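What follows is the residue order along each chain.
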Amino acid sequence: MRVVALISGGKDSCYNMMQCVAAGHQIVALANLRPAENTGQTDELDSYMYQTVGHHAIALYADALDLPLYRGFIKGTSVNTGRVYTTCQEDEVEDLYHLMKLVKDKEGVEGVSVGAILSDYQRVRVEDVCRRLNLQPLAYLWRRKQEILLKEIISSNIQAIIIKVAAFGLDPDKHLGKTLDQMEPDLLELSEKYGVHVCGEGGEYETFTLDCPLFKKKIVVDSAKVVVHSADAFAPVAYLRFLKLHLENKQGESSGMFMVNSCSCEVSCDDDDIFPSSEDDEPQKNILVLWKSLKHSTLDFTKTFGSSGKSPSGYQWFSGITAHFLPSKGKNAQEAAREAFSSLQANMTSEGLKLKDIILVHLYMKSMKDFNVINSVYVTQFDLCPPARVCVETLLPDGVLFCIDCLAHKYDIATDDVLHDEKLVMHVQSISHWAPASIGPYSQSIKVGDVLYCAGQIALVPCTMQLVSGGIRTEAIVSLRHVERVLEAMSQKTALHHIITASCYVTDSKHIPIAHSIWQKKLRECKKVEDSEMYHDVTTVCGLLAVVVISHLPRDAAIEWHVVAVVDDPLQRKHFAVKMLSEGFQIECESVESSSASCASISIRLSLISPSPSQLDLDGPLHDLVAMFRQAVEKLSEDCTASPLSFRAFFKEDVFDAETLQTACEHWSYMTSTPVVLLLHQHISEIPPQKSTAWQ
């Protein structure tokens, strides 16, 4: 990919250029924005977006790298400072847009190198510019652990000096002009004592790169002076003003040749790391079941659109949105998809909602071969903050292209006097080493209150966006690592044990025990970390996991994880579990309630204990199942604001009478104050013959 590198002179933009080259991209141009000459601020501009200190020396980069340098002036200011950026002509972001458009027109670039590490503010705005210009942002430093990253930068032979200090513990007289390797011990100590970001992501310091392996010539500082911007007694702000610099040939030094550390996306999988599964986790053989009712299940759930009631906290489910595709009637797939979304929009409008209120989508497809066609319509339905999404291929009736369930949320301002936090959306579109970029029409996660709704994660290598090699174990580990990283990015110190409900989709029943083993192993690791941070005798209550076998996943992945988590104290969660026998079946029920009492997950498992020569009647077991679910709901604390809105059911194909289940669930729904919608899907599951899960 032909890439333009955004440069500020700092260490991060230079190291990200090295990462781009290591990934096989070609840096063909440099770009920089500097203060406008009429601002009176010739050294440094107070900008949310750009490092401008040291900008006088940027012109030397063109010769140092032997690349064309495109420069523009920062004419705008920080006008639109929200979490989501929308075009505002007076904003300084538009100066970047015009500069990038010029570079694209002149150099034919396809990607943009960005040195962002932690700033969502900068990332969101660069991604917006790239989206409008159809450019791919490359941010290989994004969310890297800063202690490790700093060591990598130093070991990569980047020669950078401190040119600005602005933090407690950093002294202009002592630290300005020092190299990174000289500063590393001080930065690590300040991080330990005062929480200073060792890479300067909190604005604690800024750097200027004098040399790096990509440079053909190195920059030499002949003279400079210290300018004190703020003589604060505890955290003085000062910077270096370069008075004279020159370039030198790198005598006897090889330029353009360098080594970078092994890709942090890589993962090694040792079979010994995977604990052997128990007999309960082994795939179960199909059991021939003879139902008392001789009729085959005639329920076509794709024709049963439904919506739940609205919970007191503003949640509402919509189910059965279906795209009917009948080529014989002259309708193409795109038209069918558009009709389905029009139907969804109409139903949501009748409930006082809009498509932008959707926070989570379950997209069930008849065939993954239709994915691109469906996605081309899907992407037009949502704005810059699309909902989180999980997409799988499953058994749908003939003539059905796809089926959608979606969860919407909207605070009722008329009846709620409480000031709520705005919906927090993570929609990272940059290629990085962190987690897969959200280059499709979905967000990695959406946070409402203290609940995190995450998108499904498959094992794509973040820096290549290709499926990881190594088999199911490696896929399971990498995809679950993506889940961990998304949770942590959404809320600091949030980890797997904050999950309250999880669905794991696999394409082969042999993968079930592997999924369970890796899940348990990662939870044990979380517990070890927690135990090392605090001593307690209380057991962490983790979320409920359902492993479901389906036919295909996106990119031919073997496993996909989908979770809902709560930013709470897992040690203070409430847990309820009970089991019973019912006419040859075993019913197991388990529930987890968040410590904040804002969210709960209830799981019910109906299993046939042993084959029976006689015909089986489900009326009794389903009556007991519903009664057990009601018991689990009643066990929720009085403070719990969650109300059941949906039953999400997985059952074996041609083994279970879906219509009987729906009747039983509807009977329970009619007895509640809030209507409950049934999310009913024919899957091949590891638990014969049925499992029902409901939350929120």
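In what follows, the accompanying structure is described. Here the structure is a predicted model, which means the values were calculated and not measured.

The helix and strand inventory of the chain stands at 13 helices and 29 strands. Classification of the 696 residues of the chain by burial places 56% in the buried group. For the chain, contacts bridging at least 24 residues in sequence account for 76% of all contacts bridging at least 6. For the chain, the exposed surface amounts to about 30100 Å²; the carbon and sulfur share of it is 49%.

With respect to topology, four strands assemble into an open sheet ordered E7-E6-E9-E8, the strand pairing being antiparallel. Strands at the two margins of the open sheet, each flanked by one partner only, are strand E7 (205-211) and strand E8 (217-230). When the angles between neighbouring strand axes are averaged without regard to direction, this sheet yields 25 degrees. Sheet topology note: the E8/strand E9 (residues 237-249) ladder contains twelve bridges and is antiparallel. Note on E9: the bridge partner recorded for Lys218 is Glu248.

Right, let's talk about the pattern of salt bridges for a bit. A complete count under the given rule lists 18 salt bridges for this structure. Lys101 is the partner of Asp105 in a salt bridge, and the nearest nitrogen-oxygen pair spans 3.3 Å. Pair noted here: Asp105 and Lys101 are both in helix H3 (residues 93-107), with a separation of four residues, about one helical turn. By relative accessible area, which is 54% here, Asp105 ends up exposed. For the salt bridge of Asp568 with Arg573, the shortest nitrogen-to-oxygen distance reads 2.9 Å. The exposure classification of Asp568 matches that of Arg573, with both residues buried. Look at the salt bridges and you will find they share partners, linking Glu94, Asp128, Arg131 and Arg132 into a network.

Attention now goes to the sheet that holds strand E11 (residues 315-324). Pairing in this open sheet of five strands is mixed, and the strands run E10-E11-E14-E12-E13 from one edge to the other. The sheet is open, and its two borders are formed by strand E10 (306-307) and strand E13 (388-393), each paired with just one other strand. Across seven bridges, the pairing between strand E12 (residues 358-365) and strand E14 (residues 400-409) is antiparallel. Looking at the pairing, Leu363 lines up with Ile404 of E14. Here helix H9 (residues 371-378) sits on the sheet in contact with E12, E13 and E14, set at roughly 155 degrees to E13.

Next up on the list: the packing of helix H8 (residues 333-350) against H9. It is at 9 Å that the axes of H8 and H9 come closest, and there the two elements cross at 45 degrees. Classed by the angle they form, the pair H8 and H9 counts as oblique. The chirality of how H8 crosses H9 is right-handed. Across the interface between the two elements, Ala333, Gln334, Ala337, Arg338 and Phe341 of H8 pack against Val373, Ser376, Val377 and Tyr378 of H9. Across the contact of H8 with H9, the residue classes tally to six nonpolar, two polar and one charged.

Counting across every chain of the model gives ten aromatic pairs. Between Tyr61 and Phe215, the ring centres sit 5.3 Å apart and the planes meet at 80 degrees, which makes this aromatic pair edge-to-face. Here Phe215 lies in the loop between E7 and E8 and Tyr61 lies in helix H2 (residues 59-65), a separation of 154 residues in the sequence. Considered together, Tyr61 and Phe215 belong to a single accessibility category, that of buried residues. Centre to centre, the rings of Tyr315 and Tyr453 are 5.9 Å apart; their planes meet at 55 degrees, and the pair counts as tilted. Taken together, the positions of Tyr315 in strand E11 and Tyr453 in strand E17 (residues 451-454) put the pair 138 residues apart, joining distant regions of the chain. This pair shows no difference in class: Tyr315 is buried, exactly as Tyr453 is.

Taken together, the two bridges between strand E6 (residues 159-165) and E9 define a ladder with antiparallel strand orientation. Residue Val165 lies in a different strand from E9, and its bridge partner there is Ala238. The hairpin formed by E8 and E9 contains six residues between the paired strands.

It is worth spelling out the packing of helix H5 (residues 146-155) against helix H7 (residues 180-194) at this point. The description of two helices packed together rests on the angle between their axes and the distance between the axes. H7 packs onto H5 with a crossing angle of 170 degrees between their chain directions and a minimal axis gap of 10 Å. The orientation of H5 with respect to H7, classified from their angle, is roughly antiparallel. Across the interface between the two elements, Glu147, Leu150, Lys151, Ile153 and Ile154 of H5 pack against Leu180, Asp181, Glu184, Leu187, Leu188 and Ser191 of H7. Looking at the contact of H5 with H7 residue by residue, the classes come out as six nonpolar, one polar and four charged.

Here we come to unusual backbone geometry. Even without being glycine, Arg143 reaches a positive phi, approximately 60 degrees. Structurally, Arg143 can be placed in the loop between strand E5 (136-138) and H5. One non-glycine residue, Ala597, adopts positive backbone phi at about 60 degrees. Note on placement: Ala597 falls in the loop between strand E24 (585-593) and strand E25 (600-608). On the basis of relative accessible area, Ala597 is assigned to the buried category, the value being 7%.

In this structure, Met17, Leu30, Tyr61, Phe208 and Tyr505 are the most contacted members of the largest nonpolar core, which totals 74 residues. The contact partners of Tyr505, leaving out residues within four places of it in the chain, are Tyr364, Val390, Val392, Val548, Ile550, Leu553, Ala558, Ile559, Glu560, His562, Arg648 and Phe650. Among the nonpolar cores identified, the runner-up in size contains 67 residues, and Tyr70, Met100, Ala435 and Leu480 belong to it.

Over its 16 residues, helix H12 (residues 619-634) extends 23 Å from the first C-alpha to the last, a length consistent with the 22 Å expected when each residue adds 1.5 Å. Taken together, the buried positions of H12 are Gly620, Pro621, Leu622, Leu625, Val626, Met628, Phe629 and Ala632.

In this fold, Asn375 is placed in helix H9. Those residues in contact with Asn375 that lie beyond four places of it in its chain are Arg389 and Pro441.

What counts and what doesn't
Residues numbered from 1 in each chain as written. Predicted model: local features only at pLDDT ≥ 70, side-chain atom pairs only at ≥ 80, totals over all residues. Heavy atoms only, no water. Helix = DSSP H or I, 4+ residues; strand = E, 2+ residues; numbered from the N terminus. Buried < 20%, exposed > 50% of the residue type's maximum accessible area, 1.4 Å probe, protein only. Contact = heavy atoms within 4.5 Å. Areas by Shrake-Rupley, 256 points an atom, 1.4 Å probe, with all protein chains shown as cover. Pairing = 2+ DSSP bridges. Axes fitted to C-alpha atoms, helices over the stretch in contact; angles between N-to-C directions. Salt bridge = Lys/Arg side-chain N within 4 Å of Asp/Glu carboxyl O. Parallel < 35°, antiparallel > 145°, perpendicular 65-115°, else oblique. Left-handed = near helix turned anticlockwise from the far one by under 90°. Nonpolar A, V, L, I, M, F, W, Y, C, P; charged D, E, K, R; others polar. Phe/Tyr/Trp six-rings, centres within 6.5 Å; stacked < 30°, edge-to-face > 60°. Core = buried A, V, L, I, M, F, W, Y, C linked by side-chain atoms within 4.5 Å. Expected span 1.5 Å × (residues − 1).

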